[in-house]
Amino acid sequence: MRHTIDQIGLGFEIAFFVAVAYVAARIIIGLVRFTVAPWAMKRNYPRAWWIKIQWRWLSRNLSLAYVDPHQKTKIRAAMGPAIGKNVRIEKTKRTKVRYPSVHVRADSYGVVVKLKTIPKVGRTELENASEHLANAWRCHRVQVSQPRPGRLIVRGLRTDPLVARFGPEGAPAGTYTHPHPFRPYLGRDEWGRDRHLDLSGITGITIGGLPGYGKTSLVLSLLHQLAGSYAVQFVLIDGKGGGDYAEWAARSWMSCGDELDQAATTLEDVHSLMRYRLANVVDLTGHRNAWNEGPTEDFPLIVTIVDECHTYYDLEAVKGEKEAEKYVRTCRTMSAQLVKKGRSVLMLTIFLTQKQTGDAIPTAIRDNCGIGLCGAVKTRDAAVAALGEAIRDYPSYCPTGLQKRPDYIGVMTASLPTGADPFVRLRVPEISEAAADQRARETAHLRSDPSTIRAALTPDLDPAGV
Ligand SMILES: Nc1ncnc2c1ncn2[C@@H]1O[C@H](COP(=O)(O)OP(=O)(O)OP(=O)(O)O)[C@@H](O)[C@H]1O
Ligand SMILES: [Mg+2]
């Protein structure tokens, strides 16, 4: 007996020392981390502690905690009045409130809260509460993302990493000197991750946003990267009719300005090439899907850029003008066909317009574009038009939050096929007009005419199939 009591005492001592050592180790690690942290991060330590301390109170008040309906019941048997079968069962309900457990840490931009979901409190609830969380944490914005089921990351931003502008020098090494021909760099997200866009299998990209928020600049960045290969040929249709792409005309298979008839003819030519390719893709590439081999000099990726695309698709604007109406209809039909049928024959079309609503770009085109990018917009409806209905469920990503802030020029919300979240905010590198023009001149010799290539390569193929 004595022996057993000694053993228990020893066990307690060991457990006590292990607990003390664990706490001491945590404190030392915390102190070391704090000491080596940059000043910007140190500033956010008190906030992180405060958020941790008041989390239960805050989550209760924002309905992010819940009362477990399957409460444990304390059953107490008590003797009732001394008559007959005199046992009375008394039940006392104990209220059990469940809170999402959190791990809070500071970073250079604010706080990062890792959170475990609980029943009825998931991403949607956190998104809906994001405005109140931002107020309570004195953060300028709160961003919710879900890395895996059951886990959320709620980021409170006191300073937004996306406001820091950068140019080609800030992009990953080689982005503009040795770019990947079909996987261009898009920009950097708010976690500092560099995001690329794999073009394989994509037929349409929409780029929206208020004037002056960087749509054309993003396209210049893409052109800069894609221009270095014979395997990519461009068609430029500039609805502004300005000089944005003037230098790129020499590098493009075809280009035109804001004249409706020319745009219609150009789109008809691109469409005709698509039909020819569809009819002969197996003979030309050995595959039914040309992406299996990828773009080549003889079968290049055709990137058609339609800037200010409302110029060519707005039927209301030309109502009553017979000729113009005919051209607008042609532009709409050809563009829709390119997006719907162009996947296996390497046709990619990029549509830019300020507000991606049905009058500016037909929904048959817009809704079939796999990728959407949107800079600042004024209304939630404009954001929905650009990024789809799903953006309503992710208010913390909504591009309405980017307006009236000049430091958000060049920042876009994107719906990309990669990454844990359906949306991501990106800062796009700024490409100066001079740098883009120079690239256009340097790569002009890589221009080719895919329609003559096809004729030279396959004289026996029947052009009537076009
Ligand atoms: N990524 C960027 N970073 C910082 N500034 C940028 C960026 N992109 C564009 N800008 C600035 O914004 C200006 C307008 O950009 P851009 O011409 O691309 O806008 P836009 O959205 O195409 O406008 P519009 O609808 O009028 O054609 C540029 O001249 C440049 O000064
Ligand atoms: Mg523009």
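Everything quoted here is computed from the prediction, not taken from an experiment. (Residues numbered from 1 in each chain as written. Chains lettered and ligands numbered in written order. Predicted model: local features only at pLDDT ≥ 70, side-chain atom pairs only at ≥ 80, totals over all residues. Heavy atoms only, no water.)

Asker: Could you give an account of the overall build of the chain, with specific residues and numbers?
Answerer: Within the chain, the regular secondary structure consists of 14 helices and 18 strands. Taken over the C-alpha trace, the chain has a radius of gyration of 30 Å; the compact-globule value for 466 residues is 23 Å, which it surpasses by more than 25%. Its C-alpha atoms give the chain principal-axis dimensions of about 105 × 60 × 45 Å. Here the chain holds 466 residues, and 47% of them are scored as buried. Nonlocal contacts in the chain, meaning residues at least 24 apart in sequence, comprise 68% of its contacts between residues at least 6 apart. In the form shown here, the chain has an accessible surface area of approximately 23,400 Å², with 55% of it arising from carbon and sulfur atoms. (Helix = DSSP H or I, 4+ residues; strand = E, 2+ residues; numbered from the N terminus. Rg over C-alpha atoms; globule rule 2.2 N^0.38 Å. Buried < 20%, exposed > 50% of the residue type's maximum accessible area, 1.4 Å probe, protein only. Contact = heavy atoms within 4.5 Å. Areas by Shrake-Rupley, 256 points an atom, 1.4 Å probe, with all protein chains shown as cover.)

Asker: So what about the environment of serine 344? Which residues, and what values?
Answerer: One can find serine 344 in the loop between helix H10 (322-341) and strand S15 (347-352). Once the C-alpha coordinates of serine 344 and proline 395 are considered, the two residues, 51 residues apart in sequence, prove to be 35 Å apart. With residues up to four places along the chain from it excluded, the contact list for serine 344 reads Leu278, Val281, Arg288, Asn289, Ala290 and Trp291.

Asker: Run through the sheet that holds strand S8 (residues 151-157), naming residues and quoting values.
Answerer: Spatially, four strands are ordered S5-S6-S8-S7 in an open sheet, and the strand pairing comes out antiparallel. Each of the sheet's edge strands pairs with one partner strand only, and the pair in question is strand S5 (102-107) and strand S7 (141-148). Taken over all neighbouring pairs, the strand axes of this sheet differ in orientation by 20° on average, direction set aside. Where strand S6 (residues 110-116) lies against S8, seven bridges are found, and the strand directions are antiparallel. (Pairing = 2+ DSSP bridges. Axes fitted to C-alpha atoms, helices over the stretch in contact; angles between N-to-C directions.)

Asker: Explain the site of ligand 1 residue by residue, including any values.
Answerer: By nearness alone, 18 residues border ligand 1, and Gly212, Lys215, Thr216, Lys240 and Val428 come closest of all. Here lysine 240 contributes a side-chain N or O atom positioned 2.8 Å from an oxygen atom of ligand 1. Glutamate 308 is positioned with one of its side-chain polar atoms (N or O) 3.2 Å from an oxygen atom of ligand 1. Considering ligand 1 on its own, with 630 Å² of exposed area, one finds that the protein chains cover 78% of that surface. (Near = heavy atom within 4 Å. Polar contact = N/O pair within 3.5 Å; in protein donor to acceptor, adjacent residues only side chain to side chain.)

Asker: Which residues make up the packing of helix H8 (residues 260-285) against H10, and what are the values?
Answerer: Contact geometry for H8 and H10: axes closest at 9 Å, N-to-C directions at 30°. When the interaxial angle is binned, H8 and H10 end up roughly parallel. The handedness of the crossing between H8 and H10 is left-handed. The segment H8 lies against H10, with Leu260, Asp261, Ala263, Ala264, Leu267, Glu268, Val270, His271, Met274 and Leu278 engaging Ala324, Tyr327, Val328, Thr330, Cys331, Met334, Ser335, Gln337, Leu338 and Lys341. The residue inventory of the contact of H8 with H10, partitioned by class, reads 13 nonpolar, four polar and three charged. (Parallel < 35°, antiparallel > 145°, perpendicular 65-115°, else oblique. Left-handed = near helix turned anticlockwise from the far one by under 90°. Nonpolar A, V, L, I, M, F, W, Y, C, P; charged D, E, K, R; others polar.)

Asker: Report on the sheet that holds strand S12 (residues 232-238), specifying residues and quantitative values.
Answerer: Strand order across the open sheet formed by 10 strands is S10-S9-S18-S17-S16-S11-S15-S14-S12-S13, with mixed pairing between neighbours. Bordering the open sheet on either side are strand S10 (194-196) and strand S13 (252-256), each of which pairs with just one other strand. Pairwise comparison of adjacent strand axes, ignoring direction, gives a mean angle of 25° for this sheet. Here three bridges tie strand S16 (residues 371-374) to strand S17 (residues 411-415), and the two strands are oriented antiparallel to one another. Bridge assignment links cysteine 374 to a residue of S17, and that residue is threonine 413. Together, strand S9 (185-189), strand S11 (204-208), S12, strand S14 (301-307), S15, S16 and S17 form the strand contacts of helix H7 (residues 215-226), whose direction differs from that of S9 by roughly 125°. Lying over the sheet, helix H12 (residues 380-387) contacts S11, S16 and S17, oriented at roughly 150° with respect to S16.

Asker: Could you give an account of the packing of aromatic side chains, with specific residues and numbers?
Answerer: The final tally for this structure, using the stated rule, is eight aromatic pairs. Plain terms: the ring middles of phenylalanine 34 and tyrosine 45 are 4.8 Å apart, the flat faces sit at 80° to each other, and that makes the pair edge-to-face. On the criterion of sequence distance, the pair formed by phenylalanine 34 in helix H1 (residues 2-36) and tyrosine 45 in helix H3 (residues 45-53) is long-range, its members being 11 residues apart. By relative accessible area, which is 15% here, tyrosine 45 ends up buried. Look at phenylalanine 234 and tryptophan 248: their rings are 6.3 Å apart centre to centre, the planes differ by 85°, and that puts the pair in the edge-to-face class. With phenylalanine 234 in strand S12 and tryptophan 248 in the loop between S12 and S13, the pair connects residues that are 14 residues apart, well separated along the chain. For tryptophan 248, a relative accessible area of 0% puts it in the buried group. Between arginine 155 and the ring centre of tryptophan 191, over which it is positioned, the NZ or CZ distance is 4.1 Å. The ring of phenylalanine 166 carries the charged tip of arginine 188 above its face, separated from the ring centre by 4.5 Å. (Phe/Tyr/Trp six-rings, centres within 6.5 Å; stacked < 30°, edge-to-face > 60°. Lys NZ or Arg CZ within 6 Å of the ring centre and 35° of its normal.)

Asker: Give me the lowdown on the environment of isoleucine 237, citing residues and values where you can.
Answerer: By the secondary structure assignment, isoleucine 237 is in strand S12. Given the relative accessible area of 1%, isoleucine 237 is considered buried. A C-alpha to C-alpha distance of 28 Å links isoleucine 237 and proline 406, two positions 169 residues apart in sequence. Those residues in contact with isoleucine 237 that lie beyond four places of it in its chain are Cys256, Ala263, Thr266, Leu267, Thr304, Ile305, Val306, Asp307 and Tyr312.

Asker: Explain the pairing of S6 to me, and be specific about the residues and the numbers.
Answerer: The buried fraction of S6 amounts to five of the seven residues, a majority that puts the element mostly inside the structure. Here S5 runs beside S6; their pairing, made up of six bridges, is antiparallel. Paired with arginine 105 across the strands is valine 112, a residue of S6.

Asker: Outline the domain arrangement of the chain, supporting the account with residue identities and numerical values.
Answerer: If you check the domain split of the chain, you get domain 1 (38-65 + 93-159) and domain 2 (162-465). Between the C-alpha centres of domain 1 and domain 2 the distance comes to 38 Å. Contact with domain 1, which involves 15 residues of that partner, is made by 14 residues of domain 2. Between domain 1 and domain 2, a total of about 1,200 Å² is buried, with carbon and sulfur atoms accounting for 43% of that surface. Ranking the residues of domain 1 by area buried against domain 2 places Glu127, Arg141 and Gln143 at the top, with a combined share of 38%. Counting the contacts that link domain 1 with domain 2 gives two salt bridges. Glutamate 190 is paired through a salt bridge with arginine 141; the nearest N and O atoms lie 2.8 Å apart. Between the two partners, domain 1 and domain 2, sit eight residue pairs in polar contact (both at pLDDT 80 or more). (Domains from an automatic or database assignment. Buried area = accessible area lost by both parts, 1.4 Å probe. Salt bridge = Lys/Arg side-chain N within 4 Å of Asp/Glu carboxyl O.)

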